[in-house]
Amino acid sequence: MAEELSFPTGLGTSDATTISLLGHDLAGDLMGRVGFGELAFWLVARRRPSPGETRVFEAVLVALADHGFTPTAIAARLTYLSAPEALQGALAAGLLGGGSRFLGVTEDCARFLSEALDDAEPGESCDEIALRAVKATRRVPGLGHPVHKEQDPRTPVLIRIAKEEGCYGRHLELFEAVGRVHPKKLPLNGAGVCGAALADLGLPVDLLRGFALLARAAGLLGHLAEERRHPVGMDVYRTVDRNAVYEP
């Protein structure tokens, strides 16, 4: 007798008349009652966030949605220029650029802070933990920004919202301490503070880049919609092509 196969999941399932998600009827219990940000949190954490957690989480998504003509946005627009029949390819091209310099800092910063907290000695202050962690690495993720040289405008707002909602925890506290003790006094950037905030919400550090990509997907879709209305991709391509210097 053939072995019966089993593929367990606690997320969703469906039959001819119903769709279930997270143990609830999708059409009857969730649609029109649960926001997308709340649902995204719920799907990963497997618990429904409180209203305060939802506010912080959605503030993170808004903070990371767009930052102008970043490499991710340019990649999406140029891919759309090359293959306008494949919107999904253009969107994917932009998302694939989320790495250690753009977007991925969200996860990298959270991991840095989490590891520093794990290595902390009993009774150490955040400044002491931060100082040791800073000395132990060449580059601290979440510090500095190519545009915002004095202060990233997103950082104080997200910290304020986290405090207002009772979601200001050890990761955000340590991140602020890192900014105080770092010898170069670099500003705390938005991607870094978002990582600290997500870690304080108890979300898995190894998945935080995914939330940054979730946010940026909305921004990239906006860029592609704008590219349809007011295309710049061809100008970008021609500018690079006409100024290319051949050096055999």
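Refer to the structure printed above.
Residues numbered from 1 in each chain as written. Predicted model: local features only at pLDDT ≥ 70, side-chain atom pairs only at ≥ 80, totals over all residues. Heavy atoms only, no water.

## Side note on the overall build of the protein
Okay, so step 1: Helix and strand counts for the protein stand at twelve helices and three strands.
Okay, so step 2: With the principal axes as the frame, the protein shows a C-alpha extent of 60 × 60 × 45 Å.
Okay, so step 3: Every one of the 248 residues in the protein was classed for burial, and the buried ones make up 43%.
Okay, so step 4: The long-range fraction of contacts in the protein, counting pairs at least 24 apart against all pairs at least 6 apart in sequence, stands at 72%.
Okay, so step 5: Carbon and sulfur atoms make up 56% of the accessible area of the protein, which totals about 14,300 Å².
Okay, so step 6: Taking the average location of the 26 positive side-chain charges in the protein and that of its 32 negative ones, the two points are 7 Å from each other. (Helix = DSSP H or I, 4+ residues; strand = E, 2+ residues; numbered from the N terminus. Buried < 20%, exposed > 50% of the residue type's maximum accessible area, 1.4 Å probe, protein only. Contact = heavy atoms within 4.5 Å. Areas by Shrake-Rupley, 256 points an atom, 1.4 Å probe, with all protein chains shown as cover. Lys, Arg positive; Asp, Glu negative; His and termini not counted. Charge placed at Lys NZ, Arg CZ, Asp CG, Glu CD.)

## Overview of helix α8 (residues 154-164)
Okay, so step 1: Listed in full, the buried residues belonging to α8 are Arg 154, Thr 155, Leu 158, Ile 159, Ile 161 and Ala 162. Looking down the long axis of α8, one finds its buried residues gathered within 160 degrees of arc, a one-sided arrangement.
Okay, so step 2: Among the structural elements, α3 (51-64), α9 (170-181) and α10 (190-200) are those in contact with the buried residues of α8.
Okay, so step 3: Phi turns positive one or two residues past the end of α8, at Gly 166, with a value near 70 degrees. (Arc of directions from axis to C-beta.)

## Section: the sheet that holds strand β3 (residues 24-25)
Okay, so step 1: Pairing is antiparallel across the open sheet formed by three strands, whose spatial order is β1-β2-β3. Strands with a single pairing partner mark the edges of an open sheet, and in this sheet they are β1 (12-14) and β3.
Okay, so step 2: Taken together, the two bridges between strand β2 (residues 19-21) and β3 define a ladder with antiparallel strand orientation. The partner of Ser 20 across the bridge, within β3, is Asp 25. (Pairing = 2+ DSSP bridges.)

## Brief notes about the environment of Val 140
Okay, so step 1: Looking at where Val 140 falls in the secondary structure, it is placed in the loop between α7 (126-135) and α8.
Okay, so step 2: Relative accessible area serves as the criterion here: at 7%, Val 140 is assigned to the buried category.
Okay, so step 3: With 27 residues separating them along the chain, Val 140 and Leu 113 place their C-alpha atoms 9.6 Å apart.

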